[in-house]
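Structure at a glance
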Amino acid sequence: EAGVTQFPSHSVIEKGQTVTLRCDPISGHDNLYWYRRVMGKEIKFLLHFVKESKQDESGMPNNRFLAERTGGTYSTLKVQPAELEDSGVYFCASSLDRGPGNTIYFGEGSWLTVV
Amino acid sequence: SQKIEQNSEALNIQEGKTATLTCNYTNYSPAYLQWYRQDPGRGPVFLLLIRENEKEKRKERLKVTFDTTLKQSLFHITASQPADSATYLCAPQKSNTGKLIFGQGTTLQVKP
């Protein structure tokens, strides 16, 4: 069974440009999460989808970030326009059930460098 | 504000010894606590979950304790091996959300 897959694995863009990250969760997982780790900091929660609905988007840093999950399958995270401080690794994760105490499976991350 | 603290200093131990990693939390009352392993350039991998009403949980060479009075979890790896070298992350979790709050992680280096 395929795990959580993320694309691209690495991206280098200039400040002011747009980047779209894609995540394919494990098949059948209704719950999809985005996290990110910026340099020197801990991994931080961005948002949580249950199917196509945003369950919790309390971690989204600002309105330059837009996450979508049309159809409740894959998800995209768009950063527009990108700023230098957006550099870091963006992790997508998925789980079968919504509640806490469930195993959450992470992808390998999309490494973003804004120059 | 909520704070999760793990030893920022790397832990270096000799192969065969027991590694003990600490996770302390403040201003937080998690119902669950998860431990993850992360290798360089990879995503976190789930290891163990312990509930607030469980004092201890074991899985093969791994053991986790959860002390809600001390607000602390300890993660033990017995008979450590060089392949156990990685960064270990603790992630407390409240009862009403799937969201994880991560600590910065502790890097473990097991020397042969």
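Only a predicted model underlies this, so the values are computations on that prediction, with no experimental measurement involved. Numbering of residues starts from 1 in each chain and follows the order in which that chain's sequence is written. Just so you know, chain letters begin at A and ligand numbers begin at 1, following the order they were written in. Only residues with pLDDT of at least 70 get local features here, since the model is predicted, and only at 80 or more are side-chain atom pairs given and counted; chain-wide, interface and lining totals rely on the full set of residues. Calculated side-chain values reflect all of the structure's heavy atoms, with hydrogen atoms and water omitted.

Counting from both sides, the interface comprises 21 residues of chain A and, opposite them, 23 residues of chain B. In this assembly, chain A packs against chain B so that about 1,700 Å² is buried in total across both faces, 54% of it on carbon and sulfur atoms. A carboxyl oxygen of Asp or Glu within 4 Å of a side-chain nitrogen of Lys or Arg is what we treat as a salt bridge. Linking chain A to chain B there are two salt bridges. The partner of Asp56 of chain A in a salt bridge is Lys99 of chain B, and the shortest N-O contact between them spans 3.9 Å. Here a polar contact is recorded for every N or O atom pair within 3.5 Å, except that within protein the pair must consist of a potential hydrogen donor and a potential acceptor, and residues adjacent in sequence are included only if both atoms are side-chain atoms. Linking chain A with chain B are seven residue pairs in polar contact (both at pLDDT 80 or more). Put simply, DSSP H or I for four residues or longer makes a helix, DSSP E for two residues or longer makes a strand, and each gets a number counted from the N terminus. In terms of residues, the side of chain A that touches chain B owes the most to one element, strand S4 (residues 31-37) of chain A, which gives three residues. The residue makeup of the side of chain A that touches chain B, split by class, is nine nonpolar, six polar and six charged. The contact criterion used is simple: two residues touch if any of their non-hydrogen atoms lie within 4.5 Å. Defined here as a combined quantity, buried area equals the accessible surface (1.4 Å probe) lost by two parts on assembly, summed across both. Charged residues are taken to be Asp, Glu, Lys and Arg, nonpolar residues to be Ala, Val, Leu, Ile, Met, Phe, Trp, Tyr, Cys and Pro, and polar residues to be all remaining types, Gly included.

As a further point, take the nonpolar core. Residues enter a nonpolar core if they are buried and are Ala, Val, Leu, Ile, Met, Phe, Trp, Tyr or Cys, with the set joined through side-chain atoms within 4.5 Å. Categorising residues by exposure relies on relative accessible area from a 1.4 Å probe, with only protein chains included: less than 20% of the type maximum marks a residue as buried, more than 50% marks it as exposed, and the intermediate range marks it as partly exposed. Ranked by internal contacts, the top residues of the largest apolar core, which has 22 residues, are Leu33, Trp35, Phe75, Ile77, Tyr88 and Leu108 of chain B. Elements with a minimum of two residues in this core: strand S3 (19-26), strand S4 (32-38), strand S5 (45-51), strand S7 (62-67), strand S8 (72-77), strand S9 (86-93) and strand S10 (106-111) of chain B. The biggest single contributor to this core is S3 of chain B, with four residues. With residues up to four places along the chain from it excluded, the contact list for Tyr88 of chain B reads Gln6, Leu21, Trp35, Tyr36, Arg37, Leu47, Phe75, Ile77, Gly105, Thr106 and Leu108 of chain B. Judged by nonpolar contacts, the second largest core, of 21 residues, contains Val4, Trp34, Leu77 and Leu112 of chain A.

Spatial relationships are all this shows, so hold off on functional conclusions.
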